Structures are given as structure tokens and as C-alpha cells.
Amino acid sequence: SREFLNLLVGLLQDLIQKFDQRYGKLEAIGLASPGIIDYKNGIVIEGSPNLPEWENLNLRQVFEKKFGVHVVVENDVRSSLIGEIWKGKCQNVHSAALISLGTGIGAALLIDEKVIRGKGNAAGEIGYILFNRDHLYEDWQDKGCFESLVSGSGLMNRIYRDPMLRQKWGSAKDIFQAAMQNDHDALRLIDEIAEYLAIAILNIVSTVNPEVIILT
């Protein structure tokens, strides 16, 4: 994590130098990170399963010390929702759900014009949704059931466990390209993903009744 932080600081320094030349002095920095974030203090309490070394990491302190400006740290999916509220598809919307599908899976909720954070800022961790009773007893290796079944990293873990499929594809992108060419195995996997995603969306709709659902 230290090497990554040093790289990120260097990239930001280059960006800020170009920014200052064009727009004037930088006044603040916003950082979006996966995981459970103490946004009031700028601390990554617990990184996602895909960032296991990010734990009790005070990003605000690191970047304020480096750049001398105010720093705000927020969960990445919640940041996306805030952006949609500010300038995107959730302007003038009272309730919404944003679901992020990528290496992992997460969600952010706007209910009655309030961004929901939950106890310990852990609201929206839908990667841990279960779909049937048997899922209670499976070892999902900390990723969670939904994330293991549907995310890019979870999809590849399933491929690696199947010798025949492992020989066919090296990435999630390969699977989607194969589906576009009507490959039977690829279409089967994507149909499964679509069904699990549909179930999760229906559960969110029946629970919080959002006006808008955004998939990113």
C-alpha cells in the first residue's frame, strides 16, 4: 500500500502542476476509495477484499501533509452517487440506488434526499447478499456471495476453477466478447450474472423503493 500511495502522490503532483498553470491555485482534493470509509476523519477503516492491505489508513493525513490543502475521503461508490446527485441522473431525485459492477460490487443509496451511510459507514455492501439457504454455508473467501458470483474478479475465480473454461478465456472481457459471438458457455455465464443482478435489484426496489436505479 505504501508503494501505491507514493505512486498516487507523484501522479497527483504532476496533475496539480498542470492544473495550477491553467486554473490557478488548488484549494481541495477529493479522494474516492473502495472499502468502509470514515469520511469525517478521512480514514479507510477497512479496504475491500480486493484491497486487503488498506486498513486503518489515514488518507486525509497523508495527502494534507503532502499538498497543504483540505482533503475529503469518501467511499468510491458513494462518491459516484454524490456525483450523480450533483451533475448527473439523480438531480432533483429524492430516492435512488447506484450499483457499481466491476472488480467488486457495491451500492450507494439516496433515501428521502439523504445519502445513507449506516452504522460504521458500511451501508451499501451488497456484495454480501445471499440468494438461497445453501449460500449460508459456502466459503466465499471474504468476497461475499453476490460479489463472488457476479463481479469481474468473482467471475474469473469461477473460470479458474474450471479447467475447460480456463483454457478458453483469460479475462472477463474475453467472456463478454465470446458471448457476442454466441458462445454457449459464455452466454450461460452471462445469463446467470443477469439473473443474480435482477434478483438483487428487485430486492433493493422492494426494500427502499427508489425513483432511479443506476448501474455503473
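Just above, that's the structure.
From a predicted model like this one, the values you see are computed outputs, not experimental measurements. (Residues numbered from 1 in each chain as written. Predicted model: local features only at pLDDT ≥ 70, side-chain atom pairs only at ≥ 80, totals over all residues. Heavy atoms only, no water.)

Enquirer: So what's going on with the pairing of strand E3 (residues 43-46)? Which residues, and what values?
Expert: Two elements, strand E2 (residues 36-38) and E3, share 3 bridges in a ladder whose sense is antiparallel. By the bridge assignment for E3, Ile37 is matched with Val44. In this antiparallel pair of consecutive strands, E2 and E3, the connection spans 4 residues, and Gly42 shows a positive phi of 70°. (Pairing = 2+ DSSP bridges. Helix = DSSP H or I, 4+ residues; strand = E, 2+ residues; numbered from the N terminus.)

Enquirer: Give me unusual backbone geometry: which residues, what numbers.
Expert: Look at Asn56: it is not a glycine, yet its phi comes out positive at around 50°. Within the secondary structure layout, Asn56 lies in strand E4 (residues 55-58). The phi dihedral of Asn182 is positive, around 65°, even though this residue is not glycine. Note on placement: Asn182 falls in the loop between helix H7 (172-180) and helix H8 (184-208).

Enquirer: Can you explain the sheet that holds E3? Please cite residues and give values.
Expert: With respect to topology, 3 strands assemble into an open sheet ordered E2-E3-E4, the strand pairing being antiparallel. The two strands at the open ends of the sheet, each matched to only one other strand, are E2 and E4. Strand-to-strand twist of the sheet, defined as the mean angle between neighbouring strand axes without regard to direction, takes the value 20°. Sitting on the sheet, helix H2 (residues 59-67) is in contact with E3 and E4, with an inclination near 25° to E4. (Axes fitted to C-alpha atoms, helices over the stretch in contact; angles between N-to-C directions. Contact = heavy atoms within 4.5 Å.)

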